[in-house]
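Overview (structure and organization)
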Amino acid sequence: MASNGNGNAGGVTPGKGSGGRNGLPKIQTQKRQGGSGVCHDDSSAPVNVQTIDELHSLQRKKSAPTTPLDGVQGVFANFTEEERHKQQLQSISASLASLTRETGPKLVRGDPARRPETPRVVHAPDHYFTPSFAASDSSLKFTHVLYNLSPAELYEQAIKYEKGSFITSSGALATLSGAKTGRAPKDKRVVRDDVTEDELWWGKGSPNIEMDENTFLVNRERAVDYLNSLEKVFVNDQFLNWDPENRIKVRIVSARAYHSLFMHNMCIRPSAEELENFGTPDFTIYNAGQFPCNRYTHYMTSSTSIDLNLGRREMVILGTQYAGEMKKGLFGVMHYLMPKRQILSLHSGCNMGKDGDVALFFGLSGTGKTTLSTDHNRYLIGDDEHCWSDKGVSNIEGGCYAKCIDLSREKEPDIWNAIKFGTVLENVVFDEHTREVDYLDKSVTENTRAAYPIEYIPNAKIPCVGPHPKNVILLACDAFGVLPPVSKLSLAQTMYHFISGYTALVAGTEEGVKEPRATFSACFGAAFIMLHPTKYAAMLATKMEKHGATGWLVNTGWSGGSYGSGSRMKLAYTRKIIDAIHSGELLTANYKKTEVFGLEIPTEVEGVPSEILDPVNTWSDKKAHKETLLKLGGLFKNNFEVFVNHKIGKDDKLTQEILAAGPNF
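The rules behind the values
- Residues numbered from 1 in each chain as written.
- Predicted model: local features only at pLDDT ≥ 70, side-chain atom pairs only at ≥ 80, totals over all residues.
- Heavy atoms only, no water.
- pLDDT = per-residue confidence, 0-100.
- Contact = heavy atoms within 4.5 Å.
- Core = buried A, V, L, I, M, F, W, Y, C linked by side-chain atoms within 4.5 Å.
- Buried < 20%, exposed > 50% of the residue type's maximum accessible area, 1.4 Å probe, protein only.
- Helix = DSSP H or I, 4+ residues; strand = E, 2+ residues; numbered from the N terminus.
- Axes fitted to C-alpha atoms, helices over the stretch in contact; angles between N-to-C directions.
- Parallel < 35°, antiparallel > 145°, perpendicular 65-115°, else oblique.
- Left-handed = near helix turned anticlockwise from the far one by under 90°.
- Nonpolar A, V, L, I, M, F, W, Y, C, P; charged D, E, K, R; others polar.
- Phe/Tyr/Trp six-rings, centres within 6.5 Å; stacked < 30°, edge-to-face > 60°.
- Lys NZ or Arg CZ within 6 Å of the ring centre and 35° of its normal.

**Some points on the confidence of the model for the protein**
On average, residues of the protein score 86 in pLDDT, and 83% of them reach the 70 mark or higher. Contacts of residues 1-16 to residues separated by more than four positions or lying in other chains number 17 contacts, the stretch itself having pLDDT below 50. In the predicted structure, residues 123-135 sits below a pLDDT of 50 and forms 29 contacts with residues beyond four places in sequence or in another chain.

Take a look at the structure:
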């Protein structure tokens, strides 16, 4: 509207009686001194871009190395960023090379969705000498490499491209592992060659099912061809073992963001400088995930095959998307490599008190190993896989893999709080609107899991190393309900129960298991060991004797009856028992010996009802208790017959001591 000389809008002179509609006063505007008559614009200048893609490029700031590049020594010293990327791609291309072609696939870094331009070709060094075949369609395409992505980037990839991936209310990434929700041990194969023929444990009781070199190469070629056919692959270069002198470099090539994030959490994450100098890996995993093996291939018994070649230092996964296969496959590798260095590899949790007292926790899935080693009053060194060297203990992994079924904030606050952004939640059920996870729901599987970096535990000890252990705790989930809640073991008894590895196989841990059943797993991890169990037991006994460690057998299973009639041991009581072991209270306690197994049990433990310390007191039917006790003793004897003919020590002396430490009736 125009204004008059008095600055009044619309040329209307305000005055008495002048008003707006419906009796409301007119709105008056006054000219500002020195004003232009136009409203003041206090907005910022527009962004100087021409396209939305340019705007998005401004949103993402280029990452800077966390360590200065000046003075860097090693493989990529004095290289430009482009040259370093080229070296990395050449190394990855060499890993992905077919054995029937002279060069690896054409690779380019980055997400194909963000790289519309034609990339520069990068091949592997020409170091394969087998004849090459004619060019194929796959050799003409580019494979995009998503290299060591951050959790945030992997979230984006999973949510956008992988069905069944969601962000939960806590910030964790919920994923599905497909048809397989547990390991498939019957489909695991190990190459038997001239070296492993003599070194590995083969035959009755062994987890090592043989395959020949040629069959491995057939499956390797199948996995590599599948990965190379994809538009993009995920590559992780990481480490195993926190002991820097005995660290192993691993490369994981996978087809899913879920798998990449899982291994990002479970392996040790390299610094920027370590990644720049990573070089050639010591071991490589080719995870083809859902792509099956050819069932007509020799040694194949299903569409799933997990193949380990220790000579080539490679692992191939076909026909399963369960991420635990990668974790446990690498654990098997460490069970082979570490004893060669006189280092004992252990399927154990490990924590340390404020006074530096270290405890090892042995036990299979479902025995409470992760729960009991995660103690907010102690520093966590690790929850599952460790090495014991001449310098002390070290964690093999960089993360934790906790069972989630029936998880609650009250019972396990540290694990509960660790389930946040960056954590992978496998096969859990959640509310479709709020995205809150229902940890009681077993609709997909009982084997629901959370994989998170160990730093997510507030009291984790970083770096994850510690002095020599003072206590070695063997956990058993006794489905028969006749083993005491806690027993102090002699050295021979420790070896006997370590070799036996008794527990109940908890539902959901392996495919096809619907309810607990009694089982024996040598060294509390027979599915993962490579050498004969007595070799690990002899190393354990030597280290315990040298460093003065005490052995304990703790039953986290049933009390007052067998599975189905008794009840599970209360976690609160088990924690009190573990506290008494840590404090040294049980070293000075009074003990009595049980029949059949000859176990030394304390007469009292602070905070634990004395009547439950001797299982016979909790059974109303004493005759049934005796029969069940003898039955379990017989199962132990039958199981141990596999190991009787394997000598340990000079003149078979140690073997006889171990046998005498078992049940006697």
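Here the narrative resumes.
**What about the nonpolar core?**
Membership of the largest hydrophobic core comes to 122 residues, with the highest contact counts inside it found for Leu-425 and Tyr-452. No other element matches helix H9 (residues 324-337), which puts 7 residues into this core. Setting aside chain neighbours within four positions, we find Leu-425 in contact with Thr-168, Ala-172, Leu-173, Ala-174, Thr-175, Cys-404, Ile-419, Val-437, Tyr-439, Arg-449 and Ala-450. Counting 24 residues, the second-largest nonpolar core is a separate cluster that includes Leu-96, Tyr-147, Phe-216 and Met-300.

**Observations regarding the packing of helix H4 (residues 151-161) against helix H7 (residues 257-266)**
Contact geometry for H4 and H7: axes closest at 9 Å, N-to-C directions at 155°. Regarding the angle of H4 to H7, the classification is roughly antiparallel. Judged by the sense of rotation from one axis to the other, the crossing of H4 with H7 is left-handed. Only Ala-257, Ser-260, Leu-261 and His-264 of H7 make contact with H4, whose side of the interface consists of Pro-151, Leu-154, Tyr-155, Gln-157 and Ala-158. A breakdown of the residues in the contact of H4 with H7 according to their chemical character gives 6 nonpolar, 3 polar and no charged.

**So, the packing of aromatic side chains**
A complete count under the given rule lists 17 aromatic pairs for this structure. With a centroid separation of 4.4 Å and an interplanar angle of 20°, the aromatic rings of Tyr-496 and Phe-640 are classed as stacked. With Tyr-496 in helix H12 (residues 491-500) and Phe-640 in helix H15 (residues 622-640), this pair connects stretches of sequence that are 144 residues apart. For the pair Tyr-496 and Phe-640, one class covers both residues: buried. One aromatic cluster is present, built from ring pairs that chain together Trp-201, Tyr-496, Tyr-502, Phe-520, Phe-597, Phe-636, Phe-640 and Phe-643. We note Lys-232 situated over the ring of Tyr-161; from NZ or CZ to the ring centre the distance is 3.4 Å. Here the guanidinium or amino end of Lys-420 rests over the ring plane of Tyr-456, the centre of that ring lying 4.6 Å away.

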